[in-house]
Amino acid sequence: MRTIIIGGVAAGMSAATRLRRLDESREIVVFERGSYVSFANCGLPYFVGRVIEDRSSLLLQTPASLASRFALRVHVRHEVVSIDTAARTVTVRDLDSGSDRIERYDDLVLAMGATTTEAIPGEGMPVVTLRSVDDVDAITAVLDGIPSPRAIVAGAGFIGIEAVENLLARGAHVTVVQRGSQVLSPLDPEMVAPVHRALDEAGVDVRTGTTVSSIHAGGATLSDGTEVPADLVVDARGVRPDVRIADAAGIALGPTGGIAVDDRHRTSAPGVWAVGDAVEKTDHLDGRATLVTMAGLANRHGRAAADDIAGAVTAPATPALGTTIVGVLGLTVGLVGWSERRLVAAGRAHRVVHTHPFSHATYYPGAEQMAMKLLIDPETDLILGAQLVGRAGVDKRLDVLAVAMTSGLTASALTQLELAYAPQYGSAKDGINMAGYVAENLATGADRTIQWHEVDAARAAGAVIVDVRTTGEHAAGSIPGSILLPLDELRERHGELPDAPLIVHCRVGQRGHTASRILQQLGHDVRNLDGGWLTWTDGVETGLPRHGSAQ
Ligand SMILES: Cc1cc2nc3c(=O)[nH]c(=O)nc-3n(C[C@H](O)[C@H](O)[C@H](O)COP(=O)(O)OP(=O)(O)OC[C@H]3O[C@@H](n4cnc5c(N)ncnc54)[C@H](O)[C@@H]3O)c2cc1C
């Protein structure tokens, strides 16, 4: 039996090595059009920034090491230019000699990854993507040659933001150009505010609502007509599945434009599997086709395809959650599942919980506060999505929430998780438990909340905002028109409050919850501002278009 694998990085190499571990007798051939296989593409930005100093550490394997350990025949600089699914052959071009040859397969694995959008028009300045070792070599060559380089990063998704951070680390002046109204578009606006602040503080020139229209010697012209001087453009304008040879071979694509596969990664063509960024996935929430271009899924699915090829017992592919984490200028941003923006666009009912837990017990030095947002199905109490922005401890909570979503835990069940605690690691009531308590209070009706973007409308309808923080906190900054009535004086002085619907708020929502319980039991119509002052200011200060109403 002869298996050919097209693409020799994450998904392709996982398939190849797993297949070898399952079957010693099979011939396994990998064609990779780039100069390297099995390289750490997720580490590429950090080589630009010299966080990873040793270039060779990005190269996890070589054709020689894969031959000796796994008996793989790996051909770099060999591009598969066409597939004949009827004859079960591929045409391979040796990129050094330019010659083509036909290779036979019994089983074929497509792992071509993703490709970038159309080239930016113009010439006179290097425009480099950030997808390969050759790309980072090209970027570093420009940076090394100029004392104070000026770089444009086109696209502020996860790769673009990593590029920004690492170009700054190399002393470059960076302009980031983003078509949408914010960087990291999967984040909801109130959650992205800290990232915008960090970029501003680092001196990054953030241009939103515009694109790079063209380049010329010494700069670029943006679609809003402005000129940006630059020595280099890093093109991170998003990715799409690289399906060109699959499409040309008549292999079915799905509605997203990715290769369509079943839950065993089989394509429409007999004997052809497809895995990784080139393939569409099934969404965890709605079961529809979706594109998730992350390394964990690529590796997992590559392995599973090998299992299926070898006839090993394998579970059907699990749907994709889209768990994502990115570091930017000391912040950690994590998200899983759907954003509020996406839920609103889909017309899907949801409940929102904002909290601001600390990474560990606040009495132990070094605790750092994060912003956490949970999106919850009001009918089932299932978690629909989560977003976290902070420093220490974000990664741990993100992974707990990803596990909770995978295992179908309700938001209220987060209260029951017995999580690790010693003061330097967590809290006796971890932020995850606390988010569960808030969700449970909403589910049982013990608390009613209002979202930051609903405050203006509520006030216009006659609601009064009551700040239950301390006098000092209020003096340092307050919601315009709010009445100060500190929590500890509430029982005695609540009679001073007007006979109107009340919105109580504190800094993060916790004292507001206590205030809301007191006032509710004293007969007031009261709602607690979800996430408190911190979420409200982050939401309002972004100045971004607001969501539709959440339930
Ligand atoms: C800069 C960067 C940072 C990233 N950071 C993260 C991260 O932190 N976390 C995370 O989860 N994901 C990250 N990703 C995404 C992750 O790398 C991808 O999801 C993953 O590599 C996809 O695996 P794949 O095998 O489908 O595609 P790839 O790893 O891209 O491999 C596809 C390979 O196929 C080759 N190929 C394509 N067509 C042909 C052909 N016709 N013939 C021969 N060879 C061909 C390509 O040259 C390419 O090398 C990052 C990606 C980049 C670019």
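Bear in mind the structure is a predicted one, so any value in this text is a computation, not a measurement.

Q: Looking at this structure, how should I read helix α10 (residues 394-406)?
A: Quick reminder: α-helices carry 3.6 residues per turn. Residues three or four places apart thus point the same way. Under the 1.5 Å per step criterion, the end-to-end length of α10 is 18 Å for 13 residues, consistent within 8% with the ideal 18 Å. For α10, the complete set of buried residues consists of Val-394, Arg-397, Leu-398, Leu-401, Ala-402, Ala-404 and Met-405. Down the axis, α10 shows its buried residues gathered within 160° of arc, on one side only. Next to the buried residues of α10 lie β21 (324-328), β22 (331-337), β24 (371-376), β25 (383-390) and α11 (431-444). Of the residues one or two after α10, Gly-408 is the one with positive phi, at around 70°.

Q: Please clarify how helix α15 (residues 510-521) should be interpreted in this entry.
A: Under the 1.5 Å per step criterion, the end-to-end length of α15 is 17 Å for 12 residues, consistent within 8% with the ideal 16 Å. When α15 is considered as a whole, its buried residues turn out to be Arg-511, Gly-512, His-513, Ala-515, Ser-516 and Leu-519. One or two positions beyond α15, positive phi appears at Gly-523, with a value near 95°.

Q: What is the right way to look at the domain arrangement of the protein in this model?
A: Think of interface size as the accessible area that goes away when the parts come together; that is how it is often given. Looking at the protein, the domain boundaries give domain 1 (2-115 + 240-309), domain 2 (127-237), domain 3 (330-444) and domain 4 (449-542). For domain 1 and domain 4, the distance between their C-alpha centres works out to 55 Å.

Q: I'm lost on the sheet that holds strand β10 (residues 150-154) in this one. Help?
A: Paired through their backbone hydrogen bonds, the strands of a sheet run either parallel or antiparallel. The parallel open sheet is built from 5 strands, whose spatial order is β9-β16-β10-β11-β12. If you trace the sheet from one side to the other, it starts and ends with β9 (127-129) and β12 (205-208), each paired once. Strand-to-strand, the axes of this sheet are offset by a mean angle of 20°, without reference to chain direction. Across 3 bridges, the pairing between β9 and strand β16 (residues 232-235) is parallel. Bridge pairing in β16 links Val-127 to Val-233.

Q: What should I look at first to understand the nonpolar core in this one?
A: Across soluble globular proteins, nonpolar side chains have a tendency to be buried as a group. Formed by 151 residues in total, the largest nonpolar core has its most connected members in Leu-110 and Val-153. No other element matches α11, which puts 7 residues into this core. Residues contacting Leu-110, with those up to four places away along its chain left out, are Ile-6, Ala-246, Ile-259, Val-272, Ala-274 and Ala-278.

Basis of the calculations
Residues numbered from 1 in each chain as written. Predicted model: local features only at pLDDT ≥ 70, side-chain atom pairs only at ≥ 80, totals over all residues. Helix = DSSP H or I, 4+ residues; strand = E, 2+ residues; numbered from the N terminus. Expected span 1.5 Å × (residues − 1). Buried ≥ 20, exposed ≤ 12 C-beta atoms within 10 Å, placed from the backbone. Arc of directions from axis to C-beta. Contact = placed C-beta atoms within 7 Å. Domains from an automatic or database assignment. Pairing = 2+ DSSP bridges. Axes fitted to C-alpha atoms, helices over the stretch in contact; angles between N-to-C directions. Core = buried A, V, L, I, M, F, W, Y, C linked by C-beta atoms within 7 Å.

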